[in-house]
Amino acid sequence: MPKNSKGKDVAEVISSKCSGCQICIAECAFDAIIMEDGVALIDPEKCTGCTLCVSSCPSDAIIFSRPVRKRSSRASAEANGTWRGIAVFLEYKSGKVADVSWELTGKAREMADKMGTEVIGFILGGDDAACSDAIAMGCDSVYRMQSAHFESYTAGYFGEALAELTRQIKPEILLIGATHRGSEISGLCATKLETGLTADCTELDITDDRLLVMTRPTFGGNIMATILCREKRPQMSTVRPGVMKKRDRDGSRKGTVKTIYYSVVPPEYPRILQTIPSVSETADISSFKSLIVLGKGVNSSLHYGMLEELAHLLGGTLACSRPLVEAGLFPYERQVGQTGRTVSPRLYVGIGVSGAVQHMAGIQGSEKIIAINSDRNSPMVSMADYSIIGDYAEIVPLLIERIKARGAEAVLKGER
């Protein structure tokens, strides 16, 4: 067993077994593990012997001389006991369910069919129409928790209520949209349930032994971490809006709706007298069917009027990549990418966008991608369905002319 310079035993990687999954990197709190030629490598001077990497390795490729703590009987019973089904928190706000909730319902339906289990909708408050929509969008059953105190949102009360609903129904997986409200509630709920939570996921999958595979960017978006919750239940994840695809509504689906009354009286929170929509809510770029996204190649605001006209013709709006936000040319709410908004428009037009990894991951749900770029070797040009190489200041006026002649809908449908 290897030792560090102080004579302490440290963990060791069996290179022939390492699959390069990088789960150990995400688990290590001391930055002691790096990847080298696709194999994990442990720095003996940074390793503390905590054995988290040993416990997390799915390939049993990391060893340590000290015995690793085994699962407690409580945890094993919890992971293999009566927790069944995939629950989706249906975020009900201002009389409607958030789109990300329907996106997650579609993904839950896909995984539930693979697992041979049901999809359960959790809704706090809500009306009959929302419950009917949940069945039509893929839920097998809906549990609507009612309380006189749901009319005014407070994170603490909503988090407590969701935790109580989860305790009663016992889903093995709980998915929540990574909205402002969802991010607040999920952390509170996970704490009450004493389970793990993987936030801001961009991909979900399920293993043959019913483990939720949660993938999210980490280290500033430079690597993608894959995280598993092996022992505790439910397995909880928040997912960014726009990442998953919504299923088509099927009004013929049948399901059950059950109402549970939550009688707990909340403590004295400050009262909310009025809610004023924020800028990000009134200008939500993820809600537009077309996006004209400007990159650092558009380094002047002189042509913004022309670009806004193009966006207007296509029924969309202007957005940008990170460099333009850092330069103070656009607000953060307009930023596309892993560190901004994840989007999935029908049409994405990147103008002067180089195609950084973080940006590309944030647009992978787009139906059609067009790149306008002077650099034919940029990653964006390689990824795009169609590329136009040249000066955008000359190309965009020609596009505007053609769109006016052909009509925006014809362009969106791909007609020549």
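In what follows, the structure referred to is the one given above.
Definitions and limits used
- Residues numbered from 1 in each chain as written.
- Predicted model: local features only at pLDDT ≥ 70, side-chain atom pairs only at ≥ 80, totals over all residues.
- Heavy atoms only, no water.
- Phe/Tyr/Trp six-rings, centres within 6.5 Å; stacked < 30°, edge-to-face > 60°.
- Buried < 20%, exposed > 50% of the residue type's maximum accessible area, 1.4 Å probe, protein only.
- Lys NZ or Arg CZ within 6 Å of the ring centre and 35° of its normal.
- Pairing = 2+ DSSP bridges.
- Helix = DSSP H or I, 4+ residues; strand = E, 2+ residues; numbered from the N terminus.
- Axes fitted to C-alpha atoms, helices over the stretch in contact; angles between N-to-C directions.
- Contact = heavy atoms within 4.5 Å.
- Parallel < 35°, antiparallel > 145°, perpendicular 65-115°, else oblique.
- Left-handed = near helix turned anticlockwise from the far one by under 90°.
- Nonpolar A, V, L, I, M, F, W, Y, C, P; charged D, E, K, R; others polar.
- Disulfide = S-S within 2.5 Å.

With respect to the packing of aromatic side chains
No. 1: In the structure shown here, the tally under the stated rule is 6 aromatic pairs.
No. 2: When the ring of Y153 is compared with that of F158, the centres are 4.9 Å apart and the planes differ by 75°; the resulting orientation is edge-to-face.
No. 3: Judged by relative accessible area, F158 falls into the buried class, the value being 4%.
No. 4: An aromatic cluster is present here, built from F150, Y153, Y157, F158 and Y262 joined pairwise through their rings.
No. 5: Cation over ring: R181 sits above Y153, and NZ or CZ is 3.9 Å from the ring centre.
No. 6: Lying over the aromatic face of F158, R181 brings its terminal NZ or CZ to 5.7 Å of the ring centre.

Observations concerning the sheet that holds strand β12 (residues 203-206)
For sheets, the rule is that strands pair by backbone hydrogen bonds, running either parallel or antiparallel.
No. 1: Pairing is antiparallel across the open sheet formed by 3 strands, whose spatial order is β12-β13-β14. If you trace the sheet from one side to the other, it starts and ends with β12 and β14 (223-227), each paired once. Across the sheet, the mean angle separating the axes of adjacent strands is 25° when strand polarity is ignored.
No. 2: Sheet topology note: the β12/strand β13 (residues 212-218) ladder contains 4 bridges and is antiparallel. Counterpart to L204 in the pairing with β13 is M214.
No. 3: Docked against the sheet, helix α4 (residues 99-115) engages β12 and β13, running at close to 15° with respect to β12.

Re the environment of I120
No. 1: Considering the arrangement of structural elements, one finds I120 in strand β8 (residues 119-124).
No. 2: Taking C-alpha positions, I120 is 5.9 Å from I86, a pair spaced 34 residues apart along the chain.

Side note on the packing of helix α6 (residues 155-169) against helix α7 (residues 180-193)
No. 1: Packing of α6 against α7 brings their axes to within 8 Å, and their N-to-C directions diverge by 55°. By the angle class used here, α6 and α7 are oblique. As for the relative orientation of α6 and α7, their crossing is right-handed in sense. On the side of α6, the interface is formed by A155, G156, F158, G159, E160, L162, A163, T166 and R167, while α7 contributes R181, E184, I185, L188, C189, K192 and L193.
No. 2: Here the residues of the contact of α6 with α7 are counted per class, giving 8 nonpolar, 3 polar and 5 charged.

Some remarks on the state of the cysteines
No. 1: In total, this model carries 0 disulfides according to the counting rule given.
No. 2: No disulfide involves C57; its nearest neighbouring cysteine sulfur is the one of C21, lying 6.0 Å away.

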